[in-house]
Amino acid sequence: MAERSGPSYLDTPLDYLKGVGPQRAGLLRSELGLFTFADLLTFFPFRYVDRSRFHTIGQVSEEMPYVQLRGTIDDIRLHGKNRTTRMTASLKDQTGRMELVWFRGFKWLKNRFLPGVEYIVFGKPQRYGQHLSIAHPEIEPVSPEAINQVPALQAVYNSTEKLRSKGLDSKGIARLMKTLLPLAGSHIGETLPGHLLSSVKLLPRKEAFYQIHFPGSFEMMQKARARLKFEELFYIQLNLLRNKLLREETTEGYVFPQIGQLFNGFFHRELSFELTGAQKRVLKEIRADTLSGRQMNRLLQGDVGSGKTVVAVMSMLMALDNGFQACLMAPTEILAFQHAESVSAMLNGLDVKAGLLTGSTRQSERRNILSELKQGSLQVIIGTHALIEDVVEFEKLGMVVIDEQHRFGVAQRARLWSKSSTPPHVLVMTATPIPRTLAMTIYGDLEISVIDELPPGRKPIKTIHQYDSHRLKVFGFMRQQIKMGRQVYVVYPLIQESEKLDLKDLTDGYESIVREFPLPYYAVSILHGRMSPADKDFEMQRFVRGQTQIMVATTVIEVGIDVPNASVMVIESAQRFGLSQLHQLRGRVGRGADQSYCILMSDKQLSADARKRLEVMVSTNDGFQIAEADLQLRGPGDIQGTQQSGIPELKIADLAKDGPLLSLARQQARALLEKDPGLQMPANSLLKRQLQLLYRDSLSWSRIS
Ligand code: ADP
Ligand code: MG
């Protein structure tokens, strides 16, 4: 709330609110985390019920979240042992009858309903045996007041069993709100300047609080929610953009004026294909960054196979041409190794010295590498997080490329940063596309580039969902593909909690595949995380060289591995994988010129979400669409990267649903900072103060990434 600056009325503990008292206050704290008046005010309803609408009994179905009916009540009975477990009554309207049921409060209820009187009954229909019934409905006699008194929209609040037992169900919480609002109203200060309220047409803050808890109409409820969401998103964006601005003002970056021999030599002689339009555009963006005099902080998003590596290499060459060193960091040793091989191959014809440094680099070689890096004779270093250890010193590090960044924590990136007084340019690459709304929030202070075009000639992967009962058909298909000279992956889930069971699934699967695909006609590889690095490497190499036709593996093959001849990806128990993981796995095929296939295996029992995930996979190859679907299905909290992002928890806005409002907030924040970068204008003093309040405790995230 706005009033954090000094002790304020809104900081009053809830114990002091009429109708609360120490016991309920204790429960509000422990069950809902609500301590103060301000906490209660910002405990927003999660939905609303429309009390202006009546249904008939004939219309009621189990799926309806609640219904409001009118009718007479009779046939009141007690049931159960000693007739004390349950009381039922029958509600009748012109379309039929329906049961009402209670499990307590019989004595009071029994004589409450008068024959022939019409009542309004409100509650959630539930199936109880054969019949639909409403348990513990709200009931009142029909009267003009009863109909007029009930507000059209009633807020519904989350509650818990414990709170309900102390009278704090949704209605009870609404009662507290009704007590608090008139008292607190005059203390709810405005947090957005008037010019913003009028240009964006937002409700004043105080009114928004009234309307969100006790809406006068559907429209007012929506306006209230929009106002409070906007405020939340706007301050996040203002903070991010302001930090970015400050960083640009205060942090110098190396300038790479030359496009020299290495870059040109590579471009004209070594590059065996035409760059895609998207690759060219991204390279131009990077080029502009390295001429700007400011440090580059750029996120490069591009689907698997979109050709990020060549962009990385050419960015590094820009640094080398200007007398700087460059490094490329990968999340795993296998990947670092692969990068080292493919990058060395690319740089083969050029006069560039490159090396590889990982956790298992031998001592003597490590010493060499470290001294050459310090002298500057080693120009390119590829490796794992071994590169950010303190012993690693560069003569002049100008460009850092980080592949698959989500595996690197924020703190690790910060350490890399501290390696020189002028920070190197940083290019972070990810094949996990991030929906726009998330990217704007998590990476709101980075520049974002997107490779949204695949190299020409790629055939889209065909994805098929098969039930386990059709396994023989799938084996037949694998045989046919292998006959054509292709190779096949079969992937099993490996989830930490049940690692033993999963490993059993994997070995069982391996054995049944070996039975189906016997020696000497076929050879099958197996790969999982429990194997020693040497064994893993051995099996991997056999598959890469085409000595085995089938690779049975866990998700260790998820990232990066590149075997263009592999054209079939079979994913076992596909319902157990998340969307982004399925997409990553599918990206292991479709790397060559042949038609590739992804077969998602599952049993017939699928949850609605799992079914939806498989449908999404079958319907599209587009990583951004998949990321968007993932966000809708899981919500932003579970998407990779959000936990460590340092974004304050959102109370009301929803990154999955409020994309347009977020864009508006960002655009407003940007426009405002363009006019008044330091927030010095009197009209903006409120913003400056509020920003300081909201972010006084957080680190300066601006210097990280
Ligand atoms: P990713 O973005 O997944 O890292 P890579 O950089 O590994 O993709 O590229 C995938 C494959 O596509 C590589 O074999 C690479 O040589 C090839 N490639 C990249 N760019 C092009 C292009 N413009 N035209 C044709 N092939 C390309
Ligand atoms: Mg790659």
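What counts, and at which threshold
- Residues numbered from 1 in each chain as written.
- Chains lettered and ligands numbered in written order.
- Predicted model: local features only at pLDDT ≥ 70, side-chain atom pairs only at ≥ 80, totals over all residues.
- Heavy atoms only, no water.
- Near = heavy atom within 4 Å.
- Polar contact = N/O pair within 3.5 Å; in protein donor to acceptor, adjacent residues only side chain to side chain.
- Areas by Shrake-Rupley, 256 points an atom, 1.4 Å probe, with all protein chains shown as cover.
- Nonpolar A, V, L, I, M, F, W, Y, C, P; charged D, E, K, R; others polar.
- Core = buried A, V, L, I, M, F, W, Y, C linked by side-chain atoms within 4.5 Å.
- Buried < 20%, exposed > 50% of the residue type's maximum accessible area, 1.4 Å probe, protein only.
- Contact = heavy atoms within 4.5 Å.
- Helix = DSSP H or I, 4+ residues; strand = E, 2+ residues; numbered from the N terminus.
- Expected span 1.5 Å × (residues − 1).
- Arc of directions from axis to C-beta.
- Pairing = 2+ DSSP bridges.
- Axes fitted to C-alpha atoms, helices over the stretch in contact; angles between N-to-C directions.
- Salt bridge = Lys/Arg side-chain N within 4 Å of Asp/Glu carboxyl O.
- Phe/Tyr/Trp six-rings, centres within 6.5 Å; stacked < 30°, edge-to-face > 60°.
- Lys NZ or Arg CZ within 6 Å of the ring centre and 35° of its normal.
- pLDDT = per-residue confidence, 0-100.
- Right-handed = clockwise from strand over helix to strand, strands pointing away.

Novice: Outline the site of ligand 1, listing residues and values.
Specialist: Around ligand 1, a shell composed of 15 residues is seen, among which E274, G305, K308, T309 and R458 lie nearest. In the environment of ligand 1, a nitrogen atom lies 2.8 Å from a nitrogen or oxygen atom belonging to the backbone of E274. At a separation of 3.5 Å, a nitrogen atom of ligand 1 approaches a polar backbone atom of T276. For ligand 1, whose free accessible area comes to 560 Å², the fraction covered by protein is 75%. When the residues that make up the shell around ligand 1 are grouped by side-chain class, the tally is 4 nonpolar, 6 polar and 5 charged.

Novice: Quick rundown of the nonpolar core? Include the residues and the values.
Specialist: In terms of nonpolar packing, the biggest core is built from 52 residues, with L192, F230, F234, L238 and I381 touching the most fellow members. For F234, the contacting residues outside a window of four places in its chain are L192, L196, A665, Q668, A669, L672 and L687. By size, the runner-up hydrophobic cluster in this structure holds 38 residues, among which are F256, F266, M314 and A319.

Novice: Quick one: what's the story with unusual backbone geometry, residue by residue and with numbers?
Specialist: Cis geometry marks the peptide bond from L519 to P520; its omega dihedral reads 0 degrees. Tracing the chain through its elements places P520 in the loop between α18 (499–516) and β19 (524–527). Positive phi values are uncommon outside glycine, yet L679 reaches one of about 50 degrees. The topology assignment puts L679 in the loop between α23 (659–675) and α24 (685–695). Residue classification places L679 among the buried positions, given a relative accessible area of 2%.

Novice: Can you tell me about helix α13 (residues 333–347), naming the residues and giving the values?
Specialist: Compared with the 21 Å implied by 1.5 Å per residue over 15 residues, the 21 Å span of α13 between its first and last C-alpha is a close match. Where α13 is concerned, the buried positions are L335, A336, H339, A340, V343 and L347. Each buried residue of α13 lies within a common arc of 140 degrees when the element is viewed along its axis, so the set occupies one face. Facing away from the buried surface of α13 by more than 90 degrees, the exposed residues are E341 and A345. On the buried face of α13, the contacting elements are α12 (308–321), β11 (325–329), β12 (354–357), β13 (380–383) and β14 (397–403).

Novice: I'd like a description of the sheet that holds strand β8 (residues 138–141), backed by residues and values.
Specialist: Taken together, the 7 strands give an open sheet; going across it, the order is β6-β7-β4-β3-β2-β5-β8, and neighbouring strands pair in mixed fashion. A single partner strand is all that each edge strand has here, and the edge strands are β6 (125–128) and β8. Neighbouring strand axes in the sheet, compared pairwise and without regard to direction, differ in orientation by 45 degrees on average. Pairing of strand β4 (residues 96–102) with strand β7 (residues 131–135) involves 3 bridges; the strand directions are parallel. By the bridge assignment for β7, V101 is matched with A135.

Novice: Outline the pattern of salt bridges, listing residues and values.
Specialist: Scanning the entire structure with this criterion turns up 26 salt bridges. A salt bridge links R164 to E161; the shortest N-O distance between them is 3.5 Å. Remark: E161 and R164 occur in helix α5 (residues 161–165); sequence separation between them is 3 residues, near one turn of the helix. Owing to a relative accessible area of 41%, R164 belongs among the partly exposed residues under this scheme. When its relative accessible area of 59% is taken as the criterion, E161 is described as exposed. Between K229 and D658 there is a salt bridge whose closest N-O contact spans 3.1 Å. Of this pair, K229 sits in helix α9 (residues 218–250) while D658 is found in the loop between α22 (623–634) and α23, placing the two residues 429 residues apart along the sequence. One exposure class covers both K229 and D658, and it is buried. Bridged by salt links that share partners, the residues E190, R205, R227 and E231 form one connected network.

Novice: Tell me about the packing of aromatic side chains, and please be specific about residues and values.
Specialist: The full count for this structure, using the stated rule, is 14 aromatic pairs. The interplanar angle of 80 degrees and the centroid separation of 5.6 Å between the aromatic rings of F234 and Y235 together place this pair among those described as edge-to-face. A relative accessible area of 0% places F234 in the buried class. Aromatic side chains F517 and Y522 sit 5.0 Å apart centroid to centroid with 85 degrees between the ring planes, which places their arrangement in the edge-to-face category. Judged by relative accessible area, which is 1%, F517 ranks as buried. Of the residues examined, Y522 reaches a relative accessible area of 15% and is grouped as buried. Following the ring pairs from residue to residue traces out a cluster consisting of W102, F113 and Y119. Geometry around F324 places K396 over its ring, the cationic atom sitting 4.4 Å from the centre. Looking at R479, its charged tip hangs above the ring of F517, at a distance of 5.0 Å from the centre.

Novice: Can you break down the confidence of the model for the protein chain residue by residue, with the values?
Specialist: Residues with a pLDDT of 70 or more make up 91% of the protein chain, whose mean pLDDT is 87. Ranking the elements of the protein chain by mean pLDDT puts helix α15 (residues 410–417) last with 54 and strand β22 (residues 597–602) first with 97. This stretch, residues 1–5, has a pLDDT under 50; its non-local contacts, to residues over four places away or in other chains, come to 22 contacts.

Novice: Talk me through the pairing of β22; I want residue IDs and the actual numbers.
Specialist: In terms of residue burial, β22 counts as a mostly covered element, since 6 of its 6 residues are buried. Where burial is concerned, the two faces of β22 agree: the one with Y597, I599 and M601 and the one with C598, L600 and S602 are both buried. In this structure, strand β17 (residues 462–467) lies alongside β22, joined through 6 bridges in parallel fashion. Across the sheet, T463 pairs through a bridge with C598, a residue of β22. Two elements, strand β21 (residues 566–571) and β22, share 4 bridges in a ladder whose sense is parallel. Residue pairing across strands places V568 opposite Y597, the latter belonging to β22. Taken together, β21, helix α20 (residues 579–586) and β22 constitute a β-α-β crossover, and its handedness is right-handed.

Novice: Could you give me a rundown of the sheet that holds strand β18 (residues 487–491), with the residues and numbers involved?
Specialist: Here 6 strands make up an open sheet; going across it, the order is β17-β22-β21-β18-β20-β19 and the pairing parallel. In this open sheet, the two strands that pair with only one neighbour each are β17 and β19. In this sheet, neighbouring strand axes are inclined to one another by 20 degrees on average, regardless of whether the strands run parallel or antiparallel. The strands touched by helix α19 (residues 533–544) within the sheet are β18, β19, β20 (550–553) and β21, with β19 carrying the most contacts at an inclination of about 145 degrees.

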